[in-house]
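Chain and residue survey
Here is what each chain is made of, one letter per residue.
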Amino acid sequence: MTGSVEQLARKNVRELTPYQSARRLGGKGDVWLNANEYPLAVPFELTQQTLNRYPECQPVQVIERYAGYCGLESNQVLVSRGADEGIELLMRAFCEPGQDKIMFCPPTYGMYSVSAETFGIEAITVPAREDWQLDLPAILSQLDGVKLLYLCSPNNPTGNLLNSEDIRKLLEATAGKALVIADEAYIDFCPEASLTGWISDYPHLVVLRTLSKAFALAGLRCGFTLGSPEVISLLLKVIAPYPLSTPVADIAAQALSREGLAAMRKRVAELNDTRQWLLEQLQACPLVTAAYNSSTNYLLAKFDDSPQVFRSLWDQGIILRDQNKNPGLAGCLRISIGTRQECEILMTALNNMTSAENA
Ligand SMILES: *Cc1c(COP(=O)(O)O)cnc(C)c1O
């Protein structure tokens, strides 16, 4: 009777390839530059000793502080178990499986497709143009039946911002038909580019945020969905009754305090400097055929022989993220910005490979 339980599972779940997270891919090393994490841990202490009680569904202090941080009202903010849960809640609330569709534009973040497959929701993919901007005519011609259009800006893994006038055109074209979701997981590295100011004009615009990147709290699992009060009320219908544990809410509130925000902005300034340094180093490295500008905490670089470079660095305990199989990204590796020292270790390893090749 082997495989009998397997056969009980939904067809789309049997066929599902789970998200290949950096943690699942493994590796052994000292220099972890593969998951867009902040390289150093920020210490916190728990202040709430009420674990006998259930937590608030939407902890008021966390909601109020995040609303203050992004200039919105509390009823325009939902907090959840990471931005990944926000991606999923939108599908649960807005997409009828087997009927409604989602759309996204590869190369981009992998969870849009994984969540859609899990729910049995068809995904339309419209590849980005060669410059990684949106292919507006192709998007507009395929919107039939699409309820959710996921855009990622700055985009993971390419690092570029999407042209905001393109997004405005899509918002005009989708009013009353579909939601446009701007995934701003990395926006804290370029806050001037945020679209949150547009939510009052476009009730079908939704913005996703997270504490996992600039706030250095990937292990906390805390993210935000920003949108019109109607959107937030619908999501509150489908969210779990206790999505955040009490310790998570406790630490999130501290991270969003005045001091927490100041510390985050200081980290961002340092990291952006390190990114600029690494970009110049990569552009000067003979192994690198292109290193692309980025508005995030990672860089994409192209190599003649990226599998060899990836493997050689891996063997030296320097773990990057291979993008070879991502559409349009042949030869590309994604490099998270670590500490300045980690970036120096990476460059030393790359430059040593260069001299070995020339020897
Ligand atoms: C990291 C990331 C997320 C997920 O954030 P979590 O809050 O850790 O779930 C969402 N979108 C993009 C583009 C990301 O890179």
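For the structure, check the block above.
Predicted model only: the values in this text are computed from it and were never measured. (Residues numbered from 1 in each chain as written. Predicted model: local features only at pLDDT ≥ 70, side-chain atom pairs only at ≥ 80, totals over all residues. Heavy atoms only, no water.)

Take the pairing of strand E3 (residues 101-104) next. Looking at chain direction, E3 and strand E4 (residues 122-125) are connected through four bridges and run parallel. Within E4, the position partnered with Lys101 by the bridge is Glu122. Between the parallel pair E3 and E4, the chain is carried across by helix H6 (residues 111-119), and the sense of this crossover is right-handed. With four bridges connecting them, E3 and strand E5 (residues 146-152) associate as parallel partners. Residue Phe104 lies in a different strand from E5, and its bridge partner there is Tyr150. (Pairing = 2+ DSSP bridges. Helix = DSSP H or I, 4+ residues; strand = E, 2+ residues; numbered from the N terminus. Right-handed = clockwise from strand over helix to strand, strands pointing away.)

Here we come to helix H4 (residues 60-70). Residues of H4 that are buried: Val62, Ile63, Tyr66, Ala67, Tyr69 and Cys70. Across the axial projection of H4, the buried residues extend over an arc of 160°, all falling on one side. Elements that come into contact with the buried residues of H4 comprise strand E2 (77-80), strand E7 (205-210), strand E8 (223-226), helix H10 (246-255) and helix H11 (258-284). Downstream of H4 by one or two residues, Gly71 has phi in the positive range, about 70°. (Buried < 20%, exposed > 50% of the residue type's maximum accessible area, 1.4 Å probe, protein only. Arc of directions from axis to C-beta. Contact = heavy atoms within 4.5 Å.)

What follows covers the nonpolar core. Judged by nonpolar contacts, the single largest core of 86 residues is most densely connected at Leu205, Leu211, Phe224, Leu278, Leu282 and Leu350. Tallying contributions element by element places H11 first for this core, with eight residues. By size, the runner-up hydrophobic cluster in this structure holds 27 residues, among which are Met111, Leu179, Ile181 and Ile232. (Core = buried A, V, L, I, M, F, W, Y, C linked by side-chain atoms within 4.5 Å.)

This next bit is on the side chain of Ser295. Along the chain, Ser295 falls in the loop between strand E9 (288-291) and strand E10 (298-303). In contact with Ser295, other than residues within four places in its own chain, are Pro154, Gly159, Leu161, Tyr186, Phe189, Cys190 and Arg275.

The next thing to look at is the packing of aromatic side chains. Counting across every chain of the model gives 11 aromatic pairs. Between Tyr66 and Phe224, the aromatic rings sit 3.8 Å apart at their centres with planes inclined by 10°, giving stacked as the arrangement. Taken together, the positions of Tyr66 in helix H4 and Phe224 in strand E8 put the pair 158 residues apart, joining distant regions of the chain. A residue is classified by how much of its surface remains accessible, and Tyr66, at 0% relative accessible area, is buried. Among the residues examined, Phe224 registers a relative accessible area of 0% and is labelled buried. A centroid spacing of 6.0 Å and a plane angle of 55° characterise the contact between Phe104 and Tyr112, whose relative ring orientation is tilted. Phe104 sits in the buried class, given a relative accessible area of 7%. You can call Tyr112 buried: its relative accessible area is 0%. Every member of this aromatic cluster is reached through a ring pair, and the members are Tyr66, Tyr69, Phe215 and Phe224. (Phe/Tyr/Trp six-rings, centres within 6.5 Å; stacked < 30°, edge-to-face > 60°.)

To find leftover empty space, a probe the size of one water molecule is rolled over the atoms. If you add up the space inside the largest pocket, you get close to 780 Å³. Surrounding the largest pocket, 30 residues form its lining, Gln20, Arg321, Asp322, Gln323 and Asn326 being those nearest its centre. Per-class residue counts for the lining of the largest pocket are 15 nonpolar, 11 polar and four charged. Approximately 660 Å³ is the volume found for the second largest pocket. If you trace the second largest pocket, you find 27 residues lining it, with Tyr19, Asp84, Tyr109, Lys213 and Arg221 closest to the centre. (1 Å grid on protein atoms, 1.4 Å probe; cavity = no way out; pocket = protein on both sides within 12 Å on 5 of 7 lines; lining within 4 Å. Points joined across faces, edges and corners; volume = space filled by probe spheres on them. Nonpolar A, V, L, I, M, F, W, Y, C, P; charged D, E, K, R; others polar.)

Note that all results are geometric; they support no functional claim without further evidence.
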